[in-house]
Amino acid sequence: MKFFIDTANVDEIIEANDMGIISGVTTNPSLIAREGRDYMEVLKEISEIVDGPISGEVKATTTDCRGMVEEGEAIAAIHQNMVVKIPMTDEGLKAIKILEREGIRTNCTLIFSSNQALLAAAAGASYVSLFLGRIDDINMHGIDLVRELSEIFSVGGVKTEIIAASIRNTIHVTDCALAGADIATVPYKILMQMVSPPLTDAGIVKFQEDYRAVFGDK
Ligand code: G3P
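Residues numbered from 1 in each chain as written. Predicted model: local features only at pLDDT ≥ 70, side-chain atom pairs only at ≥ 80, totals over all residues. Heavy atoms only, no water.

*Asks:* Teacher, can you tell me more about the overall build of the protein chain here?
*Replies:* Summing up its helical and strand segments, the protein chain has eleven helices and eight strands in all. Over its C-alpha atoms, taken along the principal directions, the protein chain stretches across nearly 70 × 40 × 30 Å. A burial count over the protein chain gives 46% of its 218 residues as buried. Carbon and sulfur atoms make up 54% of the accessible area of the protein chain, which amounts to about 11,100 Å² in all. Charge centroids of the protein chain, computed over 19 positive and 32 negative side chains, lie 1 Å from each other. (Helix = DSSP H or I, 4+ residues; strand = E, 2+ residues; numbered from the N terminus. Buried < 20%, exposed > 50% of the residue type's maximum accessible area, 1.4 Å probe, protein only. Areas by Shrake-Rupley, 256 points an atom, 1.4 Å probe, with all protein chains shown as cover. Lys, Arg positive; Asp, Glu negative; His and termini not counted. Charge placed at Lys NZ, Arg CZ, Asp CG, Glu CD.)

Here it is, written out as structure tokens:
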């Protein structure tokens, strides 16, 4: 399973990229709005940092196929690594079909069922984003969707890649790897929790104490 980082914060992206752990970035309108910066400028800056797929979503207020295609073309023009994120709607599916035929990769987002993912794949989406945490929020098991869709795509030989999104904790990440997700897109805070769980931090402190007790600061 590959890792993307799920953020529009450039500092977080640089940190994760420097560690060599991410092969792409996903953003969404909420994440970019949180940065308080120009929408397209943020996407451009991210595309100059990470050499891998960068998902930039059409504006949340654009809901018609024509508008999404126009915005998708503008996002794709930023950099060859840009992937256009399109919401899972009837108009969104039309836009995915057109953009993919133009050679522009798409990531169909806000997917909550295997049937939605199958439709997105049929329309030609390169990626589907399953919102694991938001399924958990309604007292259902989001990971079951990742497992079910992995099996469906594997049996059917579907090439569309599964992105597990809305990851809320480190267990989600392990579960996604076990369930067969191609990619987990993970917030920076959770990536850092994966790097340094408390036992590793405590182990480093103990090694330092024991070392200093005998060798000092040499
Ligand atoms: O990539 C989608 C993701 O950012 C949504 O996460 O935590 O808002 O459900 P969340």
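*Asks:* For this particular structure, what's the right way to read the environment of histidine 172?
*Replies:* Inspection of the secondary structure puts histidine 172 in helix α9 (residues 170–179). On the basis of relative accessible area, histidine 172 is assigned to the buried category, the value being 7%. When the C-alpha atoms of histidine 172 and valine 186 are compared, they prove to be 9.6 Å apart, with 14 residues separating the residues in sequence. Each residue touching histidine 172, except ones within four places of it in the same chain, is listed here: Leu132, Gly133, Asp136, Ser166 and Ile167. (Contact = heavy atoms within 4.5 Å.)

*Asks:* Would you explain the site of the ligand in this entry?
*Replies:* Near the ligand, the surroundings consist of Asp6, Asn28, Lys85, Phe131, Arg134, Ala165, Ser166 and Arg168. Separating an oxygen atom of the ligand from a side-chain N or O atom of asparagine 28 is a distance of 3.2 Å. One of the side-chain nitrogen or oxygen atoms of arginine 134 is found 2.6 Å away from an oxygen atom of the ligand. Taken by itself the ligand offers 310 Å² of open surface, and the protein chains cover 80% of this. Residues of the shell around the ligand, tallied by class, amount to two nonpolar, two polar and four charged. (Near = heavy atom within 4 Å. Polar contact = N/O pair within 3.5 Å; in protein donor to acceptor, adjacent residues only side chain to side chain. Nonpolar A, V, L, I, M, F, W, Y, C, P; charged D, E, K, R; others polar.)

Everything listed here is a matter of geometry and, on its own, says nothing about what the molecule does.
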